[in-house]
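The primary structure of each chain is shown beneath.
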Amino acid sequence: MRRKLIALGIGLGLVGATAIATPAQADVIASVPLHGTGSAAQQTATFWLADGGANLRNATPYSVQTSVSVTAPATTPVPDGKPGNTAPLIPPDGQDPTTSGKVFFVGGDGQPHWCTGTALQSQYRNLVATAGHCVLDIEDAAPAQSRVVFVPGYADGTAPKGLYVAKQAFVHYEFSLYDDLERDYAFMTVYNGVVAGSAGVLSDTGRLGDNAGGQGFAWNQPADSSIRVFGYPAGPHPDGTLPYTGEHLHQSIGAASWMAAPELSTEYLVGVESPFTGEGSLGSAWLLRYDADSKLGYLNGVTMSVSDTDADNRYDTGVSPYFDSEAATVFKAAAASWSGRLV
């Protein structure tokens, strides 16, 4: 087995011969430890917050699997169950949600990098969604990236809602074992947030959901939906233009549709019209039924790559795994997992 993981679940039965799912009774959930002890988690928090957050500012956007060529699938996929969703979480203090942020980590190259992440509703208000390969290193035999944290509301090197060290990642079993990019999503539980005082001493800022709110989660939804994408794009287009810096959150709105990526051997993906470049926007939130007043909606995808579909040397499409019943199974397991305080 290539990765150290714990299988936690059993697959759901298929509905119809062309349903998007692994074989009936196959393992679905894998749990990957990120910071299993409080002392390791504290060291990670100090690593990112030391010297006024120098490592946060110096991190570069992750550049693994940022672009892909896509086509229409050979057959129209059939969801593996009925549509479902869980409601979003409004911050208890009535403030506007700040659910988007950056997932920082040290990659297999030993350098600090970042992707985009999103706070989700969960039982313990401690859950973050991002692309799976922003958590598990698909280019290395290591089970996961190291020093993984989430910073909601990140802008210009600041952590306005605190820094949240990841405790555990929940992914699809086939992604953890085979790097199956049709399952390229991850749900991370995080410890309570922390900030560093003038002497570098960490103090507790509370649970992620209490501070930032949380988006809802939706699965088995129509693929041809209107989607709002939130992320921190930073890399160039193929023509060399660099419209984004990655320092601020951006959003786009577009229509989604079924896609396939033959070069990745993936038949059932979803694409959405979006001008985001790949570097930095990996893990960007795809929000269904987004309400601009409440700033909340339902996570229905995460950017795993981008594509230039009209060959004009500018990216025009974000690409995500389809969130089916098995994605919901992984989400629900993560959403019921406790993490607790860091200090």
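The shown structure was predicted, so the numbers you read here are calculated from the model rather than taken from an experiment.

**Q** Looking at this structure, I do not really get the packing of aromatic side chains. What am I missing?
**A** We describe a pair of aromatic rings using the distance from one ring centre to the other and the angle between the two ring planes. Using the criterion set out here, one finds 15 aromatic pairs in the structure. Relative to Phe 331, the ring of Phe 187 has its centre 5.8 Å away and its plane inclined at 70 degrees; by these criteria the two rings are edge-to-face. Separated by 144 residues along the polypeptide, Phe 187 in strand β10 (residues 185–190) and Phe 331 in helix α4 (residues 325–335) bring together distant segments of the chain. For the pair Phe 187 and Phe 331, one class covers both residues: buried. For the ring pair Phe 217 and Phe 323, a centre distance of 5.2 Å and an interplane angle of 25 degrees mean the geometry is stacked. With Phe 217 in strand β13 (residues 216–219) and Phe 323 in the loop between β20 (317–321) and α4, this pair connects stretches of sequence that are 106 residues apart. Comparing Phe 217 with Phe 323 shows no difference in burial state: the two are buried. An aromatic cluster of three or more residues is present, and its members are Tyr 185, Phe 187, Phe 217, Trp 219, Phe 323 and Phe 331. A cation over an aromatic ring shows up here: Lys 102 above the ring of Trp 114, its NZ or CZ 3.5 Å from the ring centre.

**Q** Looking at this structure, how should I read unusual backbone geometry?
**A** Most peptide bonds take the trans form, and the phi angle of most residues other than glycine is negative. Phi is positive for Arg 125, which is not a glycine, with a value near 55 degrees. When its relative accessible area of 24% is taken as the criterion, Arg 125 is described as partly exposed. At Asn 220, a position not held by glycine, the phi torsion is positive, near 55 degrees. Checked against the element boundaries, Asn 220 lands in the loop between β13 and β14 (226–231).

**Q** Please clarify how the state of the cysteines should be interpreted in this entry.
**A** Here a disulfide denotes one covalent bond, and it connects the sulfur atoms of two cysteines. For the structure on display, the rule yields one disulfide. Each sulfur of the disulfide joining Cys 115 and Cys 134 lies 2.1 Å from the other. With the S-S dihedral at roughly -80 degrees, the linkage between Cys 115 and Cys 134 falls on the left-handed side. Separated by 19 residues along the polypeptide, Cys 115 in strand β6 (residues 112–120) and Cys 134 in the loop between β7 (127–131) and β8 (146–152) bring together distant segments of the chain. Judged by relative accessible area, which is 0%, Cys 115 ranks as buried. For Cys 134, a relative accessible area of 0% puts it in the buried group.

**Q** Teacher, can you tell me more about the environment of Gly 84 here?
**A** Structurally, Gly 84 can be placed in strand β4 (residues 84–86). Measuring from C-alpha to C-alpha, the distance between Gly 84 and Val 135 comes to 26 Å, with 51 residues separating the pair along the chain. Sequence-distant contacts of Gly 84, defined by excluding residues within four places in its chain, comprise Phe 217, Ala 218, Trp 219 and Gln 221.

**Q** When you look at helix α1 (residues 38–58) in this model, what are you seeing that I'm missing?
**A** Side chains three or four residues apart in an α-helix point the same way, a direct result of the helix having 3.6 residues per turn. Between its terminal C-alpha atoms α1 stretches only 25 Å, short of the 30 Å expected from 21 residues at 1.5 Å a residue. Along its length, α1 reaches its greatest deviation from straightness, about 115 degrees, at Gly 52. Against the buried residues of α1 lie β5 (100–106), β6, β8, β9 (164–172), β11 (193–196) and β12 (202–206).

Calculation rules
- Residues numbered from 1 in each chain as written.
- Predicted model: local features only at pLDDT ≥ 70, side-chain atom pairs only at ≥ 80, totals over all residues.
- Heavy atoms only, no water.
- Phe/Tyr/Trp six-rings, centres within 6.5 Å; stacked < 30°, edge-to-face > 60°.
- Helix = DSSP H or I, 4+ residues; strand = E, 2+ residues; numbered from the N terminus.
- Buried < 20%, exposed > 50% of the residue type's maximum accessible area, 1.4 Å probe, protein only.
- Lys NZ or Arg CZ within 6 Å of the ring centre and 35° of its normal.
- Disulfide = S-S within 2.5 Å.
- Contact = heavy atoms within 4.5 Å.
- Expected span 1.5 Å × (residues − 1).
- Bend = angle between axes of the 7 residues up to and from the residue.

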